[in-house]
Amino acid sequence: MTSPSASSSPPVDRRDLRKAFVASLTGTSLEWYDFAVYSAAAALVFPVLFFPAADPVTGLLLAFSTYAVGYVSRPLGGVVFGRLGDVIGRKQVLVITLVLIGVATFLIGLLPTYGTIGVAAPILLVLLRFAQGVGVGGEWGGAVLLSSEFGEPRRRGFWASAAQVGPPAGNLLSNGVLALLTLLLTDQQFLDWGWRLAFLLSAVLVAFGLWIRLKLEDTPVFRAIAESGDRPSAPVREVFTAERRPLLAGILSRIGPDVSYALFTVFVLTFATTHLGFSRSEVLGAILIGSALQLPAIPLAGALTDRFNRRLVYGVAAVGGAVWPFVFFPMIAGGSFALLVVGIVVGLGLHSFMYGPQAAFVTEQFSPRLRYTGSSLAYTIAGVVGGAVAPLAFTALSGGSGNWVPVASYLAIACALTVVGLVIGRDPDHDEDEAYLALTP
């Protein structure tokens, strides 16, 4: 069945739009709160409690391997929940994914350690991490569509950025909680039980997110697709057969931002404390400042791409992201906290101008009826190639010597792949959404 045509969309209900924005932001904030807490714990706690080893580097690699499991499991969530999102609707799937992520995170906070139950501890940790990743694989695509499909198509860059604000908001919350715990507790108290509090607090975000999401209707675009009888019966197959180029563009566009974020929020914590003499609280504080500044920067970047060419703004930021590590590492080598803050702020700022328009760029590569599936697949596959491998690659490339040049080169290559994705991608076709929105009562 062919899509209907229309020249403009009906007026948007501002109250529903605000609810959708908050619902999208809450879900991805929880997602990245969980992942940021886990990332910090993987660097600071898990090598001791779950992966005891005589060699600290081996313990760190093992802990980061469980970090990667959360990414490797994402494509499964992308396939399962992405398909359901295009068939049964955005809202129902987003409730399921939020519960799955929240329960898995809460249970990690209750998990006995290696010293208590032996090898079962790391096995259970990996299984819960896997469950987190499956939920996240279906969460992002739906969260983006929840806000962007309630908003005007011609302002998709701004409205879709709600989901993109989630990572710095979650990172801000997680690092704030961890910084507070490290200030209030001794190192031994934090190692014994303090780290668990950060995981258990996720229940608050889950409760708030569910309250918001359960009060919303499904998006106007999906309701119109359902009423027109245009829902796909096999969306995964259709994406791989009919929309391969959009899928490739979406995957490549995400790799640079994912690797950049891993460097400035995960790897820098280990590198700066191990090789440059910074304290854990100093690095966490610098990340906290950078994440706080991302909160306004990401929606600003998304809004700018509604006024200017989205691919151009995104591409300029990707080039800057490729160059900045070669400046960043030499500038922090002297151990200056001020320069560490500046370096992380600039790095996360460049990330913001890639990440802000990313949600809009990825979703608008796909036709509305395949958008949840296509976006979820692009997000999750790129996460494996980019975010999952990056901490492992950084640790292996720097080794015990602290050589930063291979790390910086790795990020430069990732950003170059992002530029390729932008080049082969397409500019938005607002008529696709407006045609369906015109059918919504």
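Residues numbered from 1 in each chain as written. Predicted model: local features only at pLDDT ≥ 70, side-chain atom pairs only at ≥ 80, totals over all residues. Heavy atoms only, no water.

S.K.: Whenever I open this one, helix H9 (residues 187-200) confuses me. Can you help?
M.R.: An α-helical turn contains 3.6 residues, so any two residues separated by three or four positions project in the same direction. If you check H9, its first and last C-alpha atoms are 19 Å apart, about what 14 residues at 1.5 Å a residue would give, namely 20 Å. Largest kink in H9: about 55 degrees, centred on Trp193. Within H9, the full set of buried residues consists of Phe190, Gly194, Trp195, Arg196, Ala198 and Phe199. (Helix = DSSP H or I, 4+ residues; strand = E, 2+ residues; numbered from the N terminus. Expected span 1.5 Å × (residues − 1). Bend = angle between axes of the 7 residues up to and from the residue. Buried < 20%, exposed > 50% of the residue type's maximum accessible area, 1.4 Å probe, protein only.)

S.K.: Explain the side chain of Ser202 here, please?
M.R.: By the secondary structure assignment, Ser202 is in helix H10 (residues 202-214). Those residues in contact with Ser202 that sit more than four places away from it in its chain are Leu30, Tyr33, Asp34, Gly102, Thr105 and Phe106. (Contact = heavy atoms within 4.5 Å.)

S.K.: When you look at the packing of aromatic side chains in this model, what are you seeing that I'm missing?
M.R.: The description of an aromatic ring pair rests on the distance of the ring centres and on the angle between the ring planes. Per the stated rule, a full pass over the model turns up 20 aromatic pairs. Grouped by ring-pair contacts, the aromatic residues Phe264, Phe267, Phe271, Phe326, Phe328, Phe329, Phe394, Trp404 and Tyr410 constitute a single cluster. The aromatic ring of Tyr38 is capped on one face by Arg129, whose charged end is 3.8 Å from the ring centroid. In this structure, Arg254 packs its charged tip against the face of Trp140, placed 5.5 Å from the ring centre. (Phe/Tyr/Trp six-rings, centres within 6.5 Å; stacked < 30°, edge-to-face > 60°. Lys NZ or Arg CZ within 6 Å of the ring centre and 35° of its normal.)

S.K.: It is not clear to me how the pattern of salt bridges should be interpreted in this structure. Could you clarify?
M.R.: Side chains that differ in sign of charge can pair as their charged atoms come close. With the rule as written, the count across this model stands at eight salt bridges. The partner of Arg369 in a salt bridge is Glu238, with the nearest N and O atoms 2.8 Å apart. Placement of Arg369 in the loop between helix H17 (337-363) and helix H18 (371-398) and of Glu238 in helix H12 (residues 235-242) is noted, with a sequence separation of 131 residues between them. The partner of Arg310 in a salt bridge is Glu364, with the nearest N and O atoms 2.8 Å apart. Of the two residues, Arg310 sits in helix H15 (residues 310-323) while Glu364 sits in the loop between H17 and H18, which places them 54 residues apart along the sequence. Neither Arg310 nor Glu364 differs from the other in exposure class; each is buried. (Salt bridge = Lys/Arg side-chain N within 4 Å of Asp/Glu carboxyl O.)

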